[in-house]
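Okay, here's what each chain looks like letter by letter:
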Amino acid sequence: MAIILPTLIISIFRGAIMNSIIRLLPENVANQIAAGEVIQRPASAVKELLENAIDAGAKRIQLILKDAGRTLIQVIDDGTGMNEQDARMCFERHATSKLKEADDLFNIKTKGFRGEALASIAAIAQVELKTRTEENEAGTCIRIEANEVLGQEPCQLSRGTSISVKNLFYNVPARRNFLKSDTVEFRHILEEFYRVAIAHVNVAFSLFHNGNEEFRLEPASLRQRLSAIYGVNYHERLMPVEEETTIVKITGLVCKPEFSRKTRGEQFFFINDRFIKSPYLHHAVQAAFEGLIPPGEFVSYFLFLTLDPSRIDVNIHPTKTEVKFEDENHIYSILRSTVKRSLGKFNLSPTLDFEQEVAVQNYQRDRPIVPPVIKVNPEYNPFRDEPVHRKPVLNNTLIPEEKEPRRPAMQILGKYLLSPIRSGAMIIHIRLAHERILFERIMQDLREQKGRSQQLLFPQHFTLSSENGLVLKDLIPTLQSAGYDLNEFGKDTYVIQGIPPGMSEADALAAVEKLIDQCKISGLKDTDKIHESIAQLLATGMSMKEGRILQPEESEALINDLFACEQPAFSPGGRPTVITLDESQLQKLFER
Ligand code: ADP
Ligand code: MG
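From a predicted model like this one, the values you see are computed outputs, not experimental measurements.

## Re the overall build of the protein
Turning to step 1, where the next piece is worked out: Within the protein, the secondary structure is distributed over 18 helices and 24 strands.
Turning to step 2, where the next piece is worked out: Per-residue burial for the protein yields a buried fraction of 47% across its 592 residues.
Turning to step 3, where the next piece is worked out: Pairs at least 24 apart in sequence give 67% of the contacts found in the protein among residues at least 6 apart.
Turning to step 4, where the next piece is worked out: Here the protein has roughly 30,800 Å² of accessible surface; of this, 54% comes from carbon and sulfur atoms.

Structure follows, in C-alpha cells:
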C-alpha cells in the first residue's frame, strides 16, 4: 500500500500532463498571426512605413515599389533616424517610442503607438533597415527575416531611415495567393499614399513604381496638392469650409454641388491629421447637400477635424482607421451645418459676380489691390445702391469700381422678378425666394427660442390618436419656440391658442399634422432636423401667394432680404430661387 499510493499519484499527475492540450505558440508563429491583423496586403505595409516616417518628423519621403509592392516596398525618409540599439528594438512586438505610460494612450498625437507594425512586417518579409541619427556619425544597417536578425553592421548614410521590405508574405503562401492583380494592389497602395500625402501637405513625397516616377509632390497648399494628385483643374471643383467651435475645428474643402457624381469620388476625413473612415460623418456631409444634389449622388470632400485627443479613441482597430468620439452627435451637427453654411456662402455668389476677372485687373492698374479675403461678405448684395467698390466679395474677387446705375426689378407673370445685372439678367422666383427668407428667419427664431405668437380669437381644439399624441408631446416645446401657443387640453385633446404671425389660421393645424407624419416616417430625433421641418412647413404656409403684385419697395426688400440669407440660391425644398442668364446664354437663345 505504502508503495502503491505514490505510484498512483505519479501516474495521475503524468496523465494530466499527457492530456493537457494548451501550448504557448512559438514566437514566430504568434508574430505571423498578429501580422495578419496589421498587414493584409502591400498597401498596409506602405501605410505603416509612411506613417513611421511622418512620426519621425520627415520633411521628404520617397516610396519605391516593385510589382505593386510584392517584390519591394522601400521607404526613405529624412526624419530623426534611430541609434544602433533602437534599430534592433523597433522590430520587437510592442516596441514603441511613442507611449511611455498608460495615460499617454489618451493623448495620442502620433500616427503609431501600438508598436506592432515593424514586428509584423518583419514576421512575413525580408527586411533591411538602414538608419542614422543626427548625433551618430555612422549609421547602422540591420537585416531581419521571419523575425530573426541575420546581421547588423555600421553603414554610411545621411540622417534618416531607409527601410526595404522584400518579398512580402514569402513565408505565408495563403496570404500571397490571396493578393489581387498588380493593378488592384497598386490602386490600394495609391489610396494609402494619397491619404498620407493629403494629410501632410508640407511634406514632400515622391513615388516610384517599377522604375517610373509616378508622383513628385512638393510642399504645397491643400488645393495645390489635390491638383497635383488628381489633375490640374481639380481644385476648381472645391470650395473652402471653415469653422471653429469649442469642441472641434473644421477646415478643408468640399465639392461644389454641380460636381456631385453617381460614383463615389473622393471622400476624406482626417481627425488630427489621421485619415479615418466614418460612415456617420459621411452622412453628415451628404445631408448638408440635401436638396442641392440629385438623390443618390455623392460629393467629394477633404475635411480636417481637429479636436482634443482625449475626446477620441483611435485604439479600437489595429489599422486605426476607425475612431470613437466622445461627442459624436455634436460633431455630426456641427459638421453638417458648417458644410451647409459654406455651400450657402460660396454657391451663389460667383454666378452673380460682375465680370470678376476684368474687375480685378482694372483694380490692379489703378491702385494697390486689397488683400484677397477668403470670406464672403454677408453684406454683399449686387443690387444695393450704396457704393460697393473696394468691397472684397469672394476668393480674390472684387466688385467693379463703378457704381451700377440702379434699375428697378420688373415683375412678370405675377410670379417672377426680372432684373438686369452687369453680366446679363437675373430672374427671381418670388414665392421660392420668400420661402427661403422666411425659412431662415424661422430657423433663427427657433435657435434663439423666441418665436413670436399671434393669439387666435377662437382657439382651435383638436384630437389625436394616442400614438400621434405621443409624437406631438415631444414636439410641443419646439413648436412653442416656433410661435405656436399649443398645449395639451385633456385626454388626446390639444388646443392651439396662438400661431406664428404670418401663418394663416386655416394652415396652422395642417402644418402640425404634417409635422407629426414626418416625424413618424423619418423618426426625426435631431433637434436641428425637427427645426428644419417646422421651418420649412411654416415657410411654405406663410409665403406669398402667386400673382400678388409687389410694390417697388417690396421687390427691393425681397431682393435685399434674399441676398442677406445664408443660402440664397435655393428654396428650403431645394429648388433654385434665382436663375441668371449671362450674355453668352442670351446670345445662344437667338441663334438658329
Ligand atoms: P509604432 O509606430 O506603433 O511605435 P512601429 O512598429 O511602427 O510601431 O515602430 C516601432 C518604433 O520604431 C517606433 O516607435 C519608432 O520609435 C521607431 N521607428 C520606426 N520607423 C521609424 C523611422 N522611419 N524613423 C525613426 N524611427 C522609426
Ligand atoms: Mg508605426
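Here the narrative resumes.
## Comments concerning the nonpolar core
Turning to step 1, where the next piece is worked out: By size, the foremost hydrophobic cluster in this structure holds 100 residues, and its most contacted members are Ile198 and Leu303.
Turning to step 2, where the next piece is worked out: If you tally residues by element for this core, the top one is helix α7 (residues 182–199), at 9 residues.
Turning to step 3, where the next piece is worked out: Leaving out residues up to four positions away in the same chain, Ile198 has contacts with Leu222, Arg225, Leu226, Ile229, Tyr230, Phe268, Phe270, Phe302 and Phe304.
Turning to step 4, where the next piece is worked out: With 34 residues, the next largest nonpolar core counts Leu456, Ala482, Tyr494 and Ala539 among its residues.

## Notes on the packing of α7 against helix α8 (residues 222–230)
Helix-helix packing is described using two parameters, namely the angle between the two axes and the distance between the axes.
Turning to step 1, where the next piece is worked out: The contact between α7 and α8 brings their axes to 10 Å, and the two run at 160°. Relative to α8, the element α7 lies roughly antiparallel. Regarding α7 and α8, the two cross each other, and that crossing is right-handed. For the pair formed by α7 and α8, the contact residues are Tyr194, Ala197 and Ile198 on the first element and Leu222, Arg225, Leu226, Ile229 and Tyr230 on the second.
Turning to step 2, where the next piece is worked out: Taken together, the residues of the contact of α7 with α8 sort by class into 7 nonpolar, no polar and 1 charged.

## Remarks on empty space enclosed by the protein
Turning to step 1, where the next piece is worked out: If you walk through the whole model with that rule in mind, you get 6 cavities of 30 Å³ or more.
Turning to step 2, where the next piece is worked out: The space that makes up the second largest cavity amounts to roughly 90 Å³.
Turning to step 3, where the next piece is worked out: The wall of the second largest cavity is formed by Lys47, Glu51, Lys111, Glu192, Arg195, Val196, Ala199, Asp273, Arg274, Phe275, Lys320 and Thr321.
Turning to step 4, where the next piece is worked out: If you list the elements that add at least two residues to the lining of the second largest cavity, you get α3 (42–55), α7 and β12 (274–276).
Turning to step 5, where the next piece is worked out: No other element matches the 4 residues that α7 contributes to the lining of the second largest cavity.
Turning to step 6, where the next piece is worked out: When grouped by side-chain class, the residues that make up the lining of the second largest cavity number 3 nonpolar, 1 polar and 8 charged.

## Some points on the site of ligand 1
Turning to step 1, where the next piece is worked out: Surrounding ligand 1, one finds 19 residues, the nearest of these being Asn52, Thr96, Ser97, Lys98 and Gly115.
Turning to step 2, where the next piece is worked out: In this structure, Lys98 approaches ligand 1 through a side-chain N or O atom, which is 2.7 Å from an oxygen atom.
Turning to step 3, where the next piece is worked out: Thr161 is positioned with one of its side-chain polar atoms (N or O) 3.3 Å from a nitrogen atom of ligand 1.
Turning to step 4, where the next piece is worked out: Against a free-state accessible area of 530 Å², the protein chains account for coverage of 92% of ligand 1.
Turning to step 5, where the next piece is worked out: Among the detected pockets, ligand 1 sits in the second largest pocket.

## A look at the packing of α3 against α7
Turning to step 1, where the next piece is worked out: Relative orientation of the contacting elements α3 and α7 amounts to 20°, with a least axis distance of 8 Å. In terms of their interaxial angle, α3 and α7 are classed as roughly parallel. Our pair here, α3 against α7, has a crossing hand that is right-handed. The segment α3 lies against α7, with Pro42, Ala43, Val46, Lys47, Leu50 and Ile54 engaging Glu185, His188, Ile189, Glu192, Phe193 and Val196.
Turning to step 2, where the next piece is worked out: The residue makeup of the contact of α3 with α7, split by class, is 8 nonpolar, 1 polar and 3 charged.

## Brief notes about the environment of Ala511
Turning to step 1, where the next piece is worked out: Looking at the element boundaries, Ala511 is found in helix α15 (residues 505–522).
Turning to step 2, where the next piece is worked out: When the C-alpha positions of Ala511 and Ile534 are compared, they lie 8.0 Å apart, and in sequence the two are 23 residues distant.

## Remarks on the pairing of strand β13 (residues 301–306)
Turning to step 1, where the next piece is worked out: Most of β13 sits inside the fold, with 5 of its 6 residues counted as buried.
Turning to step 2, where the next piece is worked out: Pairing analysis gives 6 bridges linking strand β10 (residues 249–255) to β13, with the strands arranged antiparallel. Bridging across to β13, Leu253 finds its partner in Phe302.
Turning to step 3, where the next piece is worked out: Here 5 bridges tie strand β11 (residues 267–271) to β13, and the two strands are oriented parallel to one another.

## Here's the deal with the layout of surface pockets
Turning to step 1, where the next piece is worked out: For the largest pocket, the calculated volume is near 930 Å³.
Turning to step 2, where the next piece is worked out: Arg336, Lys340, Phe439, Met443 and Glu532 are, among the 37 residues lining the largest pocket, the residues nearest its centre.
Turning to step 3, where the next piece is worked out: Those elements that provide at least two residues to the lining of the largest pocket are α9 (279–288), α10 (328–347), α13 (430–448) and α16 (527–542).
Turning to step 4, where the next piece is worked out: When residues in the lining of the largest pocket are grouped by element, the largest group, 9 residues, is from α16.
Turning to step 5, where the next piece is worked out: Considering only enclosed or pocket space, the second largest pocket measures out at about 740 Å³ in volume.
Turning to step 6, where the next piece is worked out: Around the second largest pocket, the lining is made up of 34 residues, and of these Asn52, Met82, Cys90, Ser97 and Lys98 lie nearest the centre.
Turning to step 7, where the next piece is worked out: Taken together, the elements giving at least two residues each to the lining of the second largest pocket come down to α3, β2 (72–77), α4 (84–89), α5 (117–123) and β6 (160–166).
Turning to step 8, where the next piece is worked out: Per element, the largest residue contribution to the lining of the second largest pocket is 6 residues, and it comes from α3.
Turning to step 9, where the next piece is worked out: When grouped by side-chain class, the residues that make up the lining of the second largest pocket number 16 nonpolar, 9 polar and 9 charged.

## Considerations on the side chain of Lys111
Turning to step 1, where the next piece is worked out: Its place among the elements puts Lys111 in the loop between α4 and α5.
Turning to step 2, where the next piece is worked out: At 3.3 Å, the side chain of Lys111 forms a polar contact with the side chain of His200.
Turning to step 3, where the next piece is worked out: For Lys111, the contacting residues outside a window of four places in its chain are Glu51, Ile54, Asp55, His200, Asp273, Arg274 and Lys320.

## What about the pattern of salt bridges?
Turning to step 1, where the next piece is worked out: For the structure shown, the criterion picks out 24 salt bridges.
Turning to step 2, where the next piece is worked out: The salt bridge partner of Glu213 is Arg216, with a shortest N-O separation of 3.1 Å.
Turning to step 3, where the next piece is worked out: Arg216 sits in the exposed class, given a relative accessible area of 55%.

## Quick notes on the sheet that holds β10
Turning to step 1, where the next piece is worked out: Pairing in this open sheet of 5 strands is mixed, and the strands run β9-β10-β13-β11-β12 from one edge to the other. Every other strand in the sheet has two partners, leaving β9 (238–244) and β12 as the edge strands with one partner each. Each strand of the sheet is rotated relative to its neighbour by a mean of 20°, with strand direction disregarded.
Turning to step 2, where the next piece is worked out: Both β9 and β10 contribute to a ladder of 7 bridges, which runs antiparallel.

Conventions and cut-offs
Residues numbered from 1 in each chain as written. Chains lettered and ligands numbered in written order. Predicted model: local features only at pLDDT ≥ 70, side-chain atom pairs only at ≥ 80, totals over all residues. Heavy atoms only, no water. Helix = DSSP H or I, 4+ residues; strand = E, 2+ residues; numbered from the N terminus. Buried < 20%, exposed > 50% of the residue type's maximum accessible area, 1.4 Å probe, protein only. Contact = heavy atoms within 4.5 Å. Areas by Shrake-Rupley, 256 points an atom, 1.4 Å probe, with all protein chains shown as cover. Core = buried A, V, L, I, M, F, W, Y, C linked by side-chain atoms within 4.5 Å. Axes fitted to C-alpha atoms, helices over the stretch in contact; angles between N-to-C directions. Parallel < 35°, antiparallel > 145°, perpendicular 65-115°, else oblique. Left-handed = near helix turned anticlockwise from the far one by under 90°. Nonpolar A, V, L, I, M, F, W, Y, C, P; charged D, E, K, R; others polar. 1 Å grid on protein atoms, 1.4 Å probe; cavity = no way out; pocket = protein on both sides within 12 Å on 5 of 7 lines; lining within 4 Å. Points joined across faces, edges and corners; volume = space filled by probe spheres on them. Near = heavy atom within 4 Å. Polar contact = N/O pair within 3.5 Å; in protein donor to acceptor, adjacent residues only side chain to side chain. Sits in = over half its atoms within 2 Å of the grid points. Pairing = 2+ DSSP bridges. Salt bridge = Lys/Arg side-chain N within 4 Å of Asp/Glu carboxyl O.

Note that all results are geometric; they support no functional claim without further evidence.
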